[in-house]
Amino acid sequence: MHLADAYDQLIAEGYCIVDGGLPEGKLQTLRDWSDKWLANTKHSPKWRYQGSDIHLSGIRNPARRNPDLPKDEEIDFLIEHPARLMSGLHLDDFRSGGTFQIISKPAGAPALYWHQDWARWDDPVSMSPWPQQVFLNWYLTDTNRENGCLRVIPGTHRRRIDLHDHLVQPHESGGYDIAETDDWMFFDHPQAIDIPVKAGQLVIADARMLHGTWPNRTAERRTLLLGWFYRKANHVPRGWQGDVPSEILARDPELPFTWNRQPGAFLR
Ligand SMILES: O=C(O)CCC(=O)C(=O)O
Ligand SMILES: [Fe+2]
């Protein structure tokens, strides 16, 4: 897909898939590298739905909010390699948080529940038609419905749907403790679509978009390297041609950060 089209899709639907342009042999290096981390890390029972959630920091790109994380140069590669792609997607004012996560569903692992990862729902910038926070997902194997590919509900980064009112907040905010029989968290929503990818493709998605996964019904693990990138500024991005919500124009530039994962008045 051309980057211009990918950008349009990211804005309109909340995600896009691009060729990650990994150098020859890098995919195998990342597989071997992540397998080693997975083998040498004690797995928490909290990781039931994600499969694993190992956080690692870069060396040249340290995780400022989390200085005690293990540092690994492979993380610097993952942070630095997409710079040209990000620029082609008009995301050049995004910066990595200095971490990547190894999220690996072992054979037979359950689905990941529906969730979104934006945590600034008290801030009018939640209404931005442009992304403020994106995840970059490198899947290290081809993915499909059988081995637990990503699922998304397009457009939900900016549009409220029935699911929003029924979801427990993800991960440490409640998701760890839900039951596998939870009807809403694992609802087979009619607007959901599968996002199968070829290994080495990169999925870039808006933190506000609802997403989850299928279970892994195969005998092989399905590993993902996930990194968060943030726009520091809250004003209209340079070159933005579209509308700007009046709530954003009226936003107090000194508004302090508050953590709130529950979409409120700024999701309509
Ligand atoms: O496993 C995946 O494909 C997605 C993981 C994810 O969205 C998360 O851990 O927040
Ligand atoms: Fe997520």
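Whatever comes next refers back to the structure up there.
All residue numbers refer to position in the chain's written sequence, counted from 1. Following the order in which they are written, the chains are lettered starting with A and the ligands numbered starting with 1. pLDDT decides what is reported in this predicted model: residues at 70 or higher carry local features, side-chain atom pairs at 80 or more are listed and counted, and totals for whole chains, interfaces and linings draw on all residues regardless. The side-chain numbers reported here are obtained from all heavy atoms of the structure, hydrogens and water having been left aside.

Chemist: A description of the nonpolar core should follow, citing residues and the corresponding values.
Modeler: One finds Leu78, Met86, Phe100, Ile204 and Leu225 to be the most contacted residues of the largest nonpolar core, which totals 37 residues. The definition of a nonpolar core used throughout is a set of buried Ala, Val, Leu, Ile, Met, Phe, Trp, Tyr and Cys residues joined through side-chain atoms within 4.5 Å. Partly exposed describes any residue whose relative accessible area lies between the buried limit of under 20% and the exposed limit of over 50%, with all areas from a 1.4 Å probe on protein chains only and scaled to the type maximum. By size, the runner-up hydrophobic cluster in this structure holds 19 residues, among which are Tyr15, Tyr139, Ala207 and Leu267.

Chemist: Give a detailed account of the state of the cysteines, specifying residues and quantitative values.
Modeler: In plain terms, two cysteine sulfur atoms within 2.5 Å form what is called a disulfide here. Within the structure shown, the criterion is met by zero disulfides. No disulfide involves Cys16; its sulfur sits 17 Å from the nearest other cysteine sulfur, which is in Cys149. By relative accessible area, which is 0% here, Cys149 ends up buried.

Chemist: So, the site of ligand 1: which residues are in play, and what are the values?
Modeler: Neighbouring ligand 1 are Gln50, Ile103, Leu112, His115, Asp117, Tyr139, Leu150, His171, His211, Thr213, Arg222 and Leu224. Side-chain polar atom of Tyr139 to an oxygen atom of ligand 1: 2.7 Å apart, as the coordinates give it. Contacts to ligand 1 include His171, whose side-chain N or O atom sits 2.8 Å from an oxygen atom. With residues, only the protein chains shown are counted as cover, and all accessible areas are computed by Shrake-Rupley using a 1.4 Å probe. Against a free-state accessible area of 290 Å², the protein chains account for coverage of 98% of ligand 1. Proximity criterion: a residue is near a molecule or strand once any of its heavy atoms comes within 4 Å of it. Any N or O atom pair separated by 3.5 Å or less is treated as a polar contact, with the protein-specific requirement of one donor-capable and one acceptor-capable atom, and with residues adjacent in sequence counted only for side-chain atom pairs.

Chemist: Residue-level account of the packing of helix α2 (residues 26-39) against helix α3 (residues 73-80), with values.
Modeler: Here the axes come from fitting lines to C-alpha atoms, over the contacting stretch only for helices, and the angles between their N-to-C directions go from 0 to 180 degrees. In this description a helix means any DSSP run of H or I spanning at least four residues, a strand means any run of E spanning at least two, and both kinds are numbered starting from the N terminus. Relative orientation of the contacting elements α2 and α3 amounts to 135°, with a least axis distance of 12 Å. Judged by the inter-axis angle, α2 sits oblique to α3. Crossing angle aside, the handedness with which α2 passes α3 is left-handed. Residues Lys26, Thr29, Leu30 and Trp33 of α2 touch α3, and the partners they reach there are Glu74, Ile75, Phe77 and Leu78. By definition in this entry, angles of less than 35 degrees are roughly parallel, angles greater than 145 are roughly antiparallel, angles of 65 to 115 are roughly perpendicular, and the rest are oblique. In a left-handed crossing the near helix is turned counterclockwise from the far helix by less than a right angle, and in a right-handed crossing that turn is clockwise. Two residues form a contact once any of their heavy atoms are found within 4.5 Å.

Chemist: Residues and numbers for the packing of aromatic side chains, please.
Modeler: Stacked, edge-to-face and tilted are the three classes for Phe, Tyr and Trp ring pairs, Trp counted by its six-membered ring, which pair at centre distances within 6.5 Å; planes under 30 degrees apart are stacked, over 60 edge-to-face, the rest tilted. Tallied over the entire structure, the rule returns seven aromatic pairs. Between the aromatic rings of Tyr49 and Phe186, the centroid separation amounts to 5.6 Å while the plane-to-plane angle is 50°, which identifies the pairing as tilted. Taken as a pair, Tyr49 in the loop between α2 and β2 (54-57) and Phe186 in the loop between β6 (150-152) and β7 (193-195) lie far apart in primary sequence, 137 residues in all. Classification of Tyr49 as buried rests on a relative accessible area of 1%. Considering the side-chain rings of Trp184 and Phe187, the 5.5 Å spacing of their centres and the 65° angle between planes classify their relative orientation as edge-to-face. Taking the relative accessible area as the measure of exposure, Phe187 reaches 29% and is therefore partly exposed. We call a charge positioned above a ring when the Lys NZ or Arg CZ atom is no farther than 6 Å from the ring centre and deviates by at most 35 degrees from the ring normal. Cation over ring: Arg65 sits above Tyr230, and NZ or CZ is 5.8 Å from the ring centre.

Chemist: Please give an account of the coordination of the iron ion (ligand 2) that cites residues and values.
Modeler: A donor here means any N, O or S atom no more than 2.8 Å from the metal (3.2 Å for Na, K and Ca); water is not included, so a site may seem to lack partners. Summarising the metal site, the iron ion (ligand 2) is bound by the protein donors His115 (NE2), Asp117 (OD) and His211 (NE2), whose distances to it range over 2.1 to 2.3 Å. Positions of the donor residues of the iron ion (ligand 2), expressed as sequence spacing, correspond to H-x1-D-x93-H. Separated by 96 residues along the polypeptide, His115 in the loop between β4 (99-105) and β5 (133-139) and His211 in strand β9 (residues 211-213) bring together distant segments of the chain. For His115, a relative accessible area of 2% corresponds to the buried category. The class for His211 is buried, based on a relative accessible area of 6%.

Chemist: Help me get a handle on the pairing of β4, residues and values and all.
Modeler: Where burial is concerned, most of β4 is hidden: seven out of the seven residues are buried. Burial of β4 is two-sided: the residues Thr99, Gln101, Ile103 and Lys105 facing one way and the residues Phe100, Ile102 and Ser104 facing the other way are all buried. Any two strands with at least two DSSP bridges between them are considered paired. Bridge count between β2 and β4: four bridges; the pairing is antiparallel. Across the sheet, His55 pairs through a bridge with Gln101, a residue of β4. Of the strand pairs in this sheet, β4 and strand β10 (residues 222-231) are connected by five bridges, and their pairing is antiparallel. Within β10, the residue paired with Ile103 across the bridge is Leu224.

Chemist: Can you break down the pattern of salt bridges residue by residue, with the values?
Modeler: Think of a salt bridge as a Lys or Arg side-chain nitrogen and an Asp or Glu carboxyl oxygen that are within 4 Å of each other. Under the criterion given, the structure shown has 15 salt bridges. With a closest N to O distance of 3.1 Å, Arg120 and Asp123 form a salt bridge. Here Arg120 and Asp123 have matching classes, each one buried. For the salt bridge of Arg261 with Glu172, the shortest nitrogen-to-oxygen distance reads 3.2 Å. Of this pair, Arg261 sits in the segment after α5 (246-249) while Glu172 is found in the loop between β6 and β7, placing the two residues 89 residues apart along the sequence. Members of the salt-bridge network, linked through shared partners, are Arg60, Glu73 and Glu80.

Chemist: Lay out the environment of Asn216 with the relevant residues and their values.
Modeler: For Asn216, the location among the structural elements is in the loop between β9 and β10. Taking the relative accessible area as the measure of exposure, Asn216 reaches 1% and is therefore buried. At a separation of 3.2 Å, a polar atom in the side chain of Asn216 contacts the main-chain carbonyl oxygen of Lys105.

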